[in-house]
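# Reading the structure
Letter by letter, the chains look like this.
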Amino acid sequence: MNLTLKIWRQKDASSKGQMIDYKVTEISGSMSFLEMMDVLNEQLVNAGEQPVAFDHDCREGICGMCSMYINGEAHGPDRGVTTCQLHMRMFKDGDTITIEPWRAASFPVIKDLVVDRTAFDRIQHAGGYISVNTSGNTQDANSIPISKHAADEAMDAATCIGCGACVATCKNSSAMLFVGAKVSQYALLPQGQVEAADRVRNMVAQMDLEGFGNCTNTGACEVECPKGISLDNIARMNRELMKANI
Ligand code: SF4
Ligand code: FES
């Protein structure tokens, strides 16, 4: 495939950015989107130009680093996948692909497609820890009964990889799907009950402090989330917060 790429280039956080056009040729449909970006960068380096900066780490849908807005969609046109899992077979020969960084004031651009997502780290830190007895008399996990339903829902919430696609997709730049998932993964389990009230209060307070918007139930976050995190987690977070405040 031969493709035209329109990519957001921005030297650093304080510089003005702009879209620049590039051509890539002989791209195979079996390549991942990031492999296609590697081809472009090799081309740029060989021509003595600056490669396009983008985040990546695991390249298998686990770390949540590969945040790119592709043709107006977080992680591109496929469903349930991250950018690193997106295959070039989703595109056609001759296509023009627009590639931008996450768009949200709380995720400022550092360089090109790399944004600062440390706001998510600060929200998680605000949530604190869970009490686990590590004195040597640790309770055997099987002695704490947990219903299959609760265990499944907690596990589903825990699959959130903190990529930020929900924020980038939301018209309000809301982080409620992410925070809802992080609150839910503990709220559903007995081990998470001890600090439950402080956890939800502190995480929501930090989320507001970071400047993320509110949820208006549009549901775009759920559609674009590569891990299929459900809106139910936002409802659960709101219930947990109400319970904590009462
Ligand atoms: S809720 Fe989904 S889109 Fe949001 S950070 Fe977690 S995995 Fe990414
Ligand atoms: S590089 Fe880790 S999820 Fe894409």
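Preceding this paragraph is the structure being described.
In this report, we go over the structure that sits alongside the text. Only a predicted model underlies this, so the values are computations on that prediction, with no experimental measurement involved. (Residues numbered from 1 in each chain as written. Chains lettered and ligands numbered in written order. Predicted model: local features only at pLDDT ≥ 70, side-chain atom pairs only at ≥ 80, totals over all residues. Heavy atoms only, no water.)

Before going further, it helps to examine helix α6 (residues 196–209). Between the first and last C-alpha of α6 there are 20 Å, a value that for 14 residues agrees with the 20 Å anticipated at 1.5 Å per step. Regarding α6, the residues found buried are Ala196, Arg199, Val200, Met203, Val204, Gln206 and Met207. With its buried residues spanning 160° around the axis, α6 presents them on a single face. Taken from the residues just after α6, Gly211 is the one with a positive phi, measuring 90°. (Helix = DSSP H or I, 4+ residues; strand = E, 2+ residues; numbered from the N terminus. Expected span 1.5 Å × (residues − 1). Buried < 20%, exposed > 50% of the residue type's maximum accessible area, 1.4 Å probe, protein only. Arc of directions from axis to C-beta.)

Mapping Arg117 onto the fold places it in the loop between β7 (114–115) and α2 (118–127). Nearest to the buried, unbridged Arg117 among oppositely charged side chains is Asp55, at 4.2 Å. For Arg117, the side chain forms a polar contact with the main-chain oxygen of Cys163, separated by 3.2 Å. (Lys, Arg positive; Asp, Glu negative; His and termini not counted. Salt bridge = Lys/Arg side-chain N within 4 Å of Asp/Glu carboxyl O. Polar contact = N/O pair within 3.5 Å; in protein donor to acceptor, adjacent residues only side chain to side chain.)

In terms of residue burial, strand β1 (residues 3–9) counts as a mostly covered element, since 5 of its 7 residues are buried. Pairing geometry for β1 and strand β2 (residues 18–24), over 7 bridges, is antiparallel. Along β2, the bridge assignment pairs Arg9 with Gln18. Strand direction decides the pairing type here: β1 and strand β5 (residues 96–100), joined by 4 bridges, are parallel. Residue pairing across strands places Ile7 opposite Ile99, the latter belonging to β5. (Pairing = 2+ DSSP bridges.)

Scanning all chains against the criterion turns up 6 aromatic pairs. Between the aromatic rings of Phe107 and Phe212, the centroid separation amounts to 5.7 Å while the plane-to-plane angle is 75°, which identifies the pairing as edge-to-face. One end of the pair, Phe107, is in the loop between β5 and β6 (109–111); the other, Phe212, is in the loop between α6 and α7 (220–224), with 105 residues separating them in the sequence. What makes Phe212 buried here is its relative accessible area of 6%. Aromatic pair Phe120 and Phe178: ring centres 3.6 Å apart, planes at 0°, arrangement stacked. With Phe120 in helix α2 and Phe178 in helix α5 (residues 176–187), this residue pair connects regions lying 58 residues apart in the sequence. Note on Phe178: relative accessible area 1%, which makes it buried. (Phe/Tyr/Trp six-rings, centres within 6.5 Å; stacked < 30°, edge-to-face > 60°.)

This part is about the side chain of His75. Along the chain, His75 turns up in the loop between β4 (73–74) and β5. Relative accessible area serves as the criterion here: at 0%, His75 is assigned to the buried category. Within polar-contact distance, the side chain of His75 engages the backbone nitrogen of Thr83 at 3.0 Å. For His75, the residues in contact, after removing those within four places along its chain, are Cys66, Met68, Ile70, Val81, Thr82, Thr83, Leu86, Trp102, Cys163, Ala165 and Pro226. (Contact = heavy atoms within 4.5 Å.)

When we look at burial in helix α3 (residues 148–158), the residues that qualify are Ala150, Ala154 and Ala157. The arc that holds every buried residue of α3, seen down its axis, measures 60°, which confines them to one face. Looking at α3, the residues exposed on the side facing more than 90 degrees away from the buried face are Lys148, His149, Met155 and Asp156. Those residues of α3 that are buried lie in contact with α5 and α8 (232–245).

Of all residues adjacent to ligand 1, which total 13 residues, the nearest are Cys160, Cys163, Gly164, Cys166 and Cys225. Elements represented by at least two residues in the shell around ligand 1 include exactly α4 (165–169) and α5. Taken together, the residues of the shell around ligand 1 sort by class into 11 nonpolar, 2 polar and no charged. (Near = heavy atom within 4 Å. Nonpolar A, V, L, I, M, F, W, Y, C, P; charged D, E, K, R; others polar.)

Bringing the nonpolar core into the picture now. Counting residues in each nonpolar core, the largest one holds 36 residues, and the members touching the most others are Val179 and Phe212. The biggest single contributor to this core is α5, with 7 residues. Ignoring sequence-local partners within four residues, the contact set of Phe212 consists of Ser106, Phe107, Ala119, Phe120, Ile123, Val167, Ser173, Ala175 and Met207. With 25 residues, the next largest nonpolar core counts Met37, Leu40, Leu44 and Cys84 among its residues. (Core = buried A, V, L, I, M, F, W, Y, C linked by side-chain atoms within 4.5 Å.)

Keep in mind these numbers describe shape, not what the thing actually does.
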